[in-house]
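Understanding the architecture of this molecule
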Amino acid sequence: MVAPPDLRGRQHPDRLFTLLGKLIAILEWLASGSYIRRPQARPVDRDLQLVVDEVRVEAADARSFRLVAANGAELPRWQPGSHLEVLLPSGRRRHYSLCGDPADRRCYRIAVRRLADGGGGSQELHDSVGPGSILTIRGPRNAFPYAPPFVPAAGYLFLAGGIGITPVLPMVKQAAADGAPWQLIYTGRSQASMPFLEELSALDPDRIQIRPYDQHGFPAGAQLLEQAPPGATVYCCGPAPMIASVRQAFPASAAAALQFERFTAPPVVDGEPFEIALQRSGRVLTVPAEVSALEVVRQAVPGVPYSCQQGFCGTCRTRVLSGEVDHRDRVLTDQERADTMTICVSRSRGGRIVVDL
Ligand code: FES
């Protein structure tokens with residue numbers, strides 16, 4: 001609001017108008033609901049032992065696991081987009097998005113697709129974990145937050161591919177509960193493979209498009225982003241080609257911001273081939289330009305620990321005995337980088353790297 005000249009014709013702001021302008025701004029802010037701050041979820045770094053209370057088949061090869069405290073205690077808060085780190089009985093660590101109701105403090109829900117050619121974590125959950133099993137979890141943590149407070153978007157376009165619906169589902173429900181303008185486009189191989197369709201059917205059907213590939217084909221990013229209203233924030237979680245296509249098309253779209261989360265390893269960018277030598281076995285492996293060191297090492301050392309495959313959890317940290325590392329993680333300190341690397345994303349600066357494996 002621009003103040004007119006005062007009664008004497010001076011251009012400096014009139015105090016009454018300035019106050020009036022501020023009052024109107026405050027009233028607009030209150031009316032927008034932006035002042036409502038949800039209780040903040042703090043990242044939880046201690047381990048919690050939880051009991052699997054229920055396992056449900058949500059789609060072909062996809063199951064949900066409901067986790068509760070053995071004594072029924074309340075669990076740490078979380079917000080849409082949060083994930084848990086799950087320590088499996090075998091010692092594998094995996095990250096899974098929370099897909100239940102943040103308001104229900106008595107349980108967490110995760111959903112997992114069984115991948116026959118994965119690293120064994122999803123198979124273990126499907127084949128060996130059932131009601132009564134104890135799982136150790138760490139978290140929740142949120143690397144994919146929905147609607148940061150005080151920054152309301154002009155609208156929300158949610159894009160989910162297959163099991164990528166898990167972090168998106170609580171976001172969509174939150175947007176619906178908030179009365180925010182939102183649209184969801186949910187893709188997957190076939191309807192039978194897409195979890196939570198029934199739950200979604202309870203929401204406004206005019207805001208949801210279900211697009212299985214076997215009926216609509218694999219959607220190009222530009223096609224998906226056509227639905228974004230001007231100034232919208234886009235949240236995308238799905239397979240790597242879907243995220244790559246959406247990222248590529250985003251600059252030409254009407255949307256203002258893009259948030260995405262992967263559940264698989266990102267493609268290697270600007271990779272050069274290099275050698276990694278495993279000190280304990282004396283084996284020397286060649287890491288091709290477009291492949292991660294982890295992928296190559298896993299062939300030789302099947303039990304090598306890893307989890308996120310994106311350089312943020314630190315599970316794959318490995319001691320470096322010699323060689324210059326191109327650190328690409330988001331978890332190690334400078335001090336740690338002196339003799340440690342995350343083999344899921346980091347590479348060589350040139351020449352052989354010798355690691356303590
Ligand atoms: S697996 Fe998470 S940092 Fe490497």
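What this report covers is the structure whose coordinates are included nearby. If you're wondering where the values come from, they're calculated on a predicted model, not measured in any experiment.

So, on to the pattern of salt bridges. For the structure on display, the rule yields 16 salt bridges. A salt bridge links Arg-138 to Asp-47, with the shortest nitrogen-to-oxygen separation between them at 2.9 Å. Of this pair, Arg-138 sits in strand S6 (residues 134-142) while Asp-47 sits in strand S1 (residues 47-59), placing them 91 residues apart in sequence. We classify Arg-138 as partly exposed; its relative accessible area is 33%. Classification of Asp-47 by relative accessible area gives partly exposed; the value is 43%. Among the ionic pairs, Arg-66 bridges to Asp-53, the shortest N-O distance being 1.9 Å. With Arg-66 in strand S2 (residues 62-69) and Asp-53 in strand S1, this residue pair connects regions lying 13 residues apart in the sequence. Note on Arg-66: relative accessible area 27%, which makes it partly exposed. Taking the relative accessible area as the measure of exposure, Asp-53 reaches 37% and is therefore partly exposed. Look at the salt bridges and you will find they share partners, linking Arg-109, Lys-173 and Glu-199 into a network.

What follows covers the packing of aromatic side chains. If you walk through the whole model with that rule in mind, you get eight aromatic pairs. Ring centres 5.9 Å apart and planes at 50 degrees place the aromatic pair Tyr-146 and Phe-158 in the tilted group. You can see Tyr-146 sitting in the loop between S6 and strand S7 (156-161) and its partner Phe-158 sitting in strand S7, a full twelve residues away along the chain. Here Tyr-146 and Phe-158 have matching classes, each one buried. Through a chain of ring-to-ring contacts, three or more aromatic side chains come together here, namely Phe-144, Tyr-146, Tyr-156, Phe-158 and Tyr-235. A cation sits over an aromatic face here: Arg-94 above Tyr-306, 4.3 Å from the ring centre.

Attention now goes to the sheet that holds strand S11 (residues 257-261). A sheet is described by the order of its strands in space; here five strands give the open sequence S9-S8-S7-S10-S11, paired in parallel fashion. In this open sheet, the two strands that pair with only one neighbour each are strand S9 (208-212) and S11. Averaged over all adjacent pairs, the angle separating strand axes in this sheet is 15 degrees, with direction ignored. As judged from the five bridges shared by strand S10 (residues 233-237) and S11, these two strands associate in the parallel manner. Following the sheet pairing, Val-234 is matched in S11 by Leu-258. Strands in contact with helix H3 (residues 165-178) are S7, strand S8 (182-188), S10 and S11; relative to S7, the strand with the most contacts, it is inclined by about 155 degrees.

Taken as a whole, the largest pocket holds about 1200 Å³ of empty space. Contributing to the lining of the largest pocket are 46 residues, with Leu-115, Phe-263, Thr-264, Ala-265 and Gln-309 lying nearest its centre. At the level of elements, strand S4 (93-97), strand S5 (108-113), helix H2 (121-128), H3, helix H7 (240-249) and helix H8 (293-300) are the ones that each hand at least two residues to the lining of the largest pocket. The residue inventory of the lining of the largest pocket, partitioned by class, reads 18 nonpolar, 20 polar and eight charged. For the second largest pocket, the calculated volume is near 930 Å³. Contributing to the lining of the second largest pocket are 42 residues, with Gln-309, Gln-310, Phe-312, Cys-313 and Arg-330 lying nearest its centre. For the lining of the second largest pocket, the secondary-structure elements that each account for two or more residues are strand S3 (82-87), S4, S6, S11 and H8. Here the lining of the second largest pocket gets five residues from one element, more than from any other, and that element is S6. Across the lining of the second largest pocket, the residue classes break down as 18 nonpolar, ten polar and 14 charged. Residues from two domains meet in the lining of the second largest pocket; each of domain 2 (47-142) and domain 4 (274-355) gives at least three.

Calculation notes
Residues numbered from 1 in each chain as written. Predicted model: local features only at pLDDT ≥ 70, side-chain atom pairs only at ≥ 80, totals over all residues. Heavy atoms only, no water. Salt bridge = Lys/Arg side-chain N within 4 Å of Asp/Glu carboxyl O. Helix = DSSP H or I, 4+ residues; strand = E, 2+ residues; numbered from the N terminus. Buried < 20%, exposed > 50% of the residue type's maximum accessible area, 1.4 Å probe, protein only. Phe/Tyr/Trp six-rings, centres within 6.5 Å; stacked < 30°, edge-to-face > 60°. Lys NZ or Arg CZ within 6 Å of the ring centre and 35° of its normal. Pairing = 2+ DSSP bridges. Axes fitted to C-alpha atoms, helices over the stretch in contact; angles between N-to-C directions. Contact = heavy atoms within 4.5 Å. 1 Å grid on protein atoms, 1.4 Å probe; cavity = no way out; pocket = protein on both sides within 12 Å on 5 of 7 lines; lining within 4 Å. Points joined across faces, edges and corners; volume = space filled by probe spheres on them. Nonpolar A, V, L, I, M, F, W, Y, C, P; charged D, E, K, R; others polar. Domains from an automatic or database assignment.

Taken by themselves, the reported measurements are silent on function.
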